[in-house]
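Structural features, examined
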Amino acid sequence: MGRLIRALIRRGGAAGTSLLIVYWSAQALFAVTPGSPLHRYAGRSFSPGDRAALARAWGLDEGVPHRANGGLADLARGRLGASWRDGRPVGSHLRERLPTTLTLTARAATLELLVAFPLAMWAARTRGRAPDRTLRAGAAILHSLPTVAVAITLQHLTPARTGSWAAAVTLAASSIGATTRLLRNAWVDATPAGLVLATRARGVPDWRIWVVHGLRRAAAPVAQALTASLPMFLSGALVVEQVFALPGVGRLLLESARARDLPVAMGVTCVTAAAVILGSWASEGLGRSLDPKTRR
Amino acid sequence: MRGTATCLCLMLGLGLGVSSCADGITARPDEVVVGTAVDIEGVNPLTAGASRIGREVTDRMFLRLFEEQPDFAAGPPTFLPALARRWTWSGDRTRLRLELDSDAVWSDGTPVTSADVVWTWRRQIDPAVAWPHASSKDGIAHMRAVGPHVVVVRFREPSANAMAELNEGPILPRHVWSRLEPGHWRHSGDWFLRHLVVSGPFRLAGWQPGHEVRLVPNPRFRGDRPEIGALRLRVLPHPATRLLELTRGGVDLLDSITPEEARRLAKQPDIVVDRAPSRRFTFLCWNLRHPFLGERIVREALTLGIDRAGLTRDLLGLFGRIGTSPIPSSVWAHDRSLRPRPFDPERARRRLAEAGFRDTNGDGIVERDGRPLRFELSTNSDNAMRRDALVHIQRHLRTIGVEAEIRLDEFNALLDRNLAGEFDATLGAWAIDTSLDLGWAFHSDSIGGYNYGAYANPEVDRAIERARRRRHPRRRKDDLVLVQRLLDRDLPYTFLWETDHLSARRARLTGVRAGPMGTLFRARDWRWDA
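The structure contained in this document is the topic of the report that follows.

Conventions we followed
Residues numbered from 1 in each chain as written. Chains lettered and ligands numbered in written order. Predicted model: local features only at pLDDT ≥ 70, side-chain atom pairs only at ≥ 80, totals over all residues. Heavy atoms only, no water. Helix = DSSP H or I, 4+ residues; strand = E, 2+ residues; numbered from the N terminus. Rg over C-alpha atoms; globule rule 2.2 N^0.38 Å. Buried < 20%, exposed > 50% of the residue type's maximum accessible area, 1.4 Å probe, protein only. Contact = heavy atoms within 4.5 Å. Areas by Shrake-Rupley, 256 points an atom, 1.4 Å probe, with all protein chains shown as cover. Pairing = 2+ DSSP bridges. Axes fitted to C-alpha atoms, helices over the stretch in contact; angles between N-to-C directions. Left-handed = near helix turned anticlockwise from the far one by under 90°. Nonpolar A, V, L, I, M, F, W, Y, C, P; charged D, E, K, R; others polar. Phe/Tyr/Trp six-rings, centres within 6.5 Å; stacked < 30°, edge-to-face > 60°. Lys NZ or Arg CZ within 6 Å of the ring centre and 35° of its normal.

So, on to the overall build of chain B. On a plain count of helices and strands, chain B comes out with 16 helices and 23 strands. A compact globule built from 530 residues would reach a C-alpha radius of gyration of about 24 Å, and chain B, at 26 Å, matches this within 12%. Every one of the 530 residues in chain B was classed for burial, and the buried ones make up 57%. Residue pairs in contact within chain B that sit at least 24 positions apart in sequence constitute 68% of those at least 6 positions apart. About 21,600 Å² of surface is accessible on chain B, with carbon and sulfur atoms providing 49% of the total.

A few words now on the sheet that holds strand 12 (residues 271–276) of chain B. Residues and elements named next belong to chain B. Spatial strand order, 8-9-10-1-11-21-12: seven strands in an open sheet with mixed pairing. Since the sheet does not close on itself, it has two edges, and those belong to strand 8 (202–208) and strand 12, each with one partner. Taking each pair of neighbouring strands and ignoring which way they run, the sheet shows an average axis angle of 20 degrees. Sitting on the sheet, helix 2 (residues 52–61) is in contact with strand 1 (31–36), strand 8, strand 9 (212–217), strand 10 (230–235), strand 11 (253–255) and strand 21 (501–506), with an inclination near 140 degrees to strand 8.

This part is about the packing of helix 6 (residues 130–144) of chain A against helix 8 (residues 163–190) of chain A. Residue and element names in this part refer to chain A. Look at helix 6 against helix 8: their axes get within 7 Å of each other, and the N-to-C directions meet at 145 degrees. Classified by chirality, the crossing of helix 8 by helix 6 is left-handed. Between helix 6, through Asp132, Arg136, Ala139, Ala140, Leu142 and His143, and helix 8, the contact on the second element is made entirely by Ala173, Ser174, Ile176, Gly177, Ala178, Thr180, Arg181 and Arg184. In the contact of helix 6 with helix 8, the residues fall into six nonpolar, four polar and four charged.

Mapped onto the secondary structure, Arg524 of chain B falls in the loop between strand 22 (509–510) and strand 23 (527–528). For Arg524 of chain B, the contacting residues outside a window of four places in its chain are Glu67, Pro201, Phe202, Asp224, Arg225, Pro226 and Glu227 of chain B.

On to the sheet that holds strand 7 (residues 150–155) of chain B, then. Residues and elements named next belong to chain B. With antiparallel pairing, four strands are arranged side by side in an open sheet as 4-5-7-6. For this open sheet the edge positions go to strand 4 (84–89) and strand 6 (140–147), each flanked by a neighbour on one side alone. Going from strand to strand, the sheet's axes swing by 20 degrees on average, the running direction of each strand aside. By the bridge criterion, five bridges tie strand 5 (residues 95–100) to strand 7 in an arrangement that is antiparallel.

A few words on the environment of Val264 of chain A. All names here are of chain A. When you line up the elements, Val264 lands in helix 13 (residues 262–290). Placed 208 residues apart in sequence, Val264 and Arg56 show a C-alpha to C-alpha distance of 18 Å. Not counting residues within four places of it along the chain, the set of residues in contact with Val264 comprises Ser83, Val90, His93, Leu252 and Ser256.

With that settled, the discussion passes to the packing of aromatic side chains. Tallied over the entire structure, the rule returns 25 aromatic pairs over all chains. On the basis of an interplanar angle of 85 degrees and a centroid distance of 5.9 Å, the ring pair of Tyr23 of chain A and Trp24 of chain A is categorised as edge-to-face. Take Trp24 of chain A: its relative accessible area is 35%, and that puts it in the partly exposed class. Geometrically, the ring pair formed by Tyr450 of chain B and Tyr452 of chain B is tilted, given 6.0 Å between the ring centres and 40 degrees between the ring planes. The residues Tyr450 of chain B and Tyr452 of chain B share a single accessibility class, namely buried. Taken together, the ring pairs connect Phe281, Phe283, Phe423, Trp430, Trp440, Phe442, Tyr450, Tyr452, Tyr455, Tyr493 and Phe495 of chain B into an aromatic cluster. Against the face of Phe292 of chain B rests Arg371 of chain B, its NZ or CZ located 5.3 Å from the ring centre.

Printed below as a string of structure tokens:
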């Protein structure tokens, strides 16, 4: 029990430190990014007085460290502040946009699993032969296709009402390639030819060798890879949401960064960073539960 | 094994479970769907962001005092009654008496009164609200309600733009919004959404941020009721998506399309491309602080060395023309005597030679005092037409021995550099408003601001100041013509082209008047033909 508490404290501390580093790095990055948020709102008719009033209303008259410290204190109290663009709470923005991105990434992950598993198993079973070589080449091509090109092509080929599924297919496309290759290699490692032959000789049916024995040993690295691909999904969502006009977190980040809407951009960054940290924990936990070796 | 299977099933189940949320696009047969690149940024016109579509949506929901008309080709724009039904000027044009529409009511049934007008003006100029257009009210000395439906406005001095400045920003509901202290306005976007009462022809029926805005007719609006059942704005950030949605029926109207898009859409049988005069011009601004570009003769040589006719033809086709002035040819005060300098590379080379430039080392670039005539041409990276234009210009200038390096910056970064004067030449575009005040770009007071290139000419300053005060259009035009001629002589800008305002709509949708007044201008007149 004591070990568990110590582990939790250690993990919590590491996560907190990571979040702090992300927060300060993002603040520093926004501070050095050229382009004042005032330019976008302050038109040609904007007088110096108007500009000063708006800067005061947004806290831009305070120094960056002061503003960042204030933001951090608010964050610790669970307050994310209000958008400079529309004055609405950052929390409202995130609540509106997160479901779209979660749905999109969940669909993409589902498609990834449904497609990559059978392909990888087929490739592993035919290792070194034509189907394996073809599948590996196909997976490499799929992995290297530019997301925006896939998105625009799929959008033209699919009816408007299936747009969000087409978006999920786009997002899944490149990761299907990567996961298929990874899973195939894991399966090949997990089922060496000698083992397969020996197990077959004991009368174990073929499907059991591949699905039960193979999957047990191959699942851990794949599960870890899948959860670790969360950040990749989030960055892919940025392009996909833009092309398919889905109101998700990726687009929110892009819009707020373009508009130099610091509170929203920081809110999205912090939530994404927390998701990535949770993803990495989940990945590790999944690895431990699936692979007995790592438990030791 | 059981653990493995459980985990995989859990992941699949989670994926399918979350993904079972349905896409909700519902449509009415009598609604009009407008595609827009950006979303609205709130419902309070004083604090919502700077997007044009946001302004247009609030203008459909809240009445202004007058309705400015797009009749700027023949003279200064005229105004039709909106909330103000009648108005009379004092003899010296410093006092304006407004009689408001006594039938106008807010959507909660409360009458719109003179108190709303005066209170709105106070909020507009309140520093705590920090309205970006507050300076447009600088000319108003005082405003008071002299009855429930009569307002008297006193101006500091007579001005040609008094009506337009008074009309900047719609009238807001005092009886509801005065409950919130001005200091909280900039952090209370959701509060205004929850307390939204409107006076215009449309009311907000729904807003899914980043996705769509839905407006429906306001049943309490006493003026001409909209003929369409609803107005839906779909936010489609990618240009390819907007075009695709128009061609496959997901959108009925697209505004501000490019000439290339107009050419493609014009081939579609059920789509009509509309052209309207625009007040937009595209230019190359020279930084006069640059040791070479600061010389008028060099700027003239560069202007002669750019094939602007070819550029306009290649990029705009039939939808534009060479620019000659910051007041485009669609505007009443444009100087029609101005002729664009021709593309004349030989004359350009002679001008450079007169300025002392020679190619002494045979590398094809002219030099003076050992320094080659080389500079940066910058523009914003997200505009394909401007990028293409810079490539053309770079090629043209190379033929007269000038080396221009292209620099593409993100929009805000470009603006930062331009405002700081850290550029050599920048390609941009302005849309001039009907006040025709050119001071922000060419008055020496604006150096350090939007007079990027630090142009200073006392004669131009005086003419701009005189034009601001003139009340008679003909006298005002004389001053504006003088400014245009001096700019044509001094060449702080090389004017590249003027574009038409282009929009595309489904052929059955009629009554659309998209143009410089906006996409949704007179949306209440839109209708579907049988």
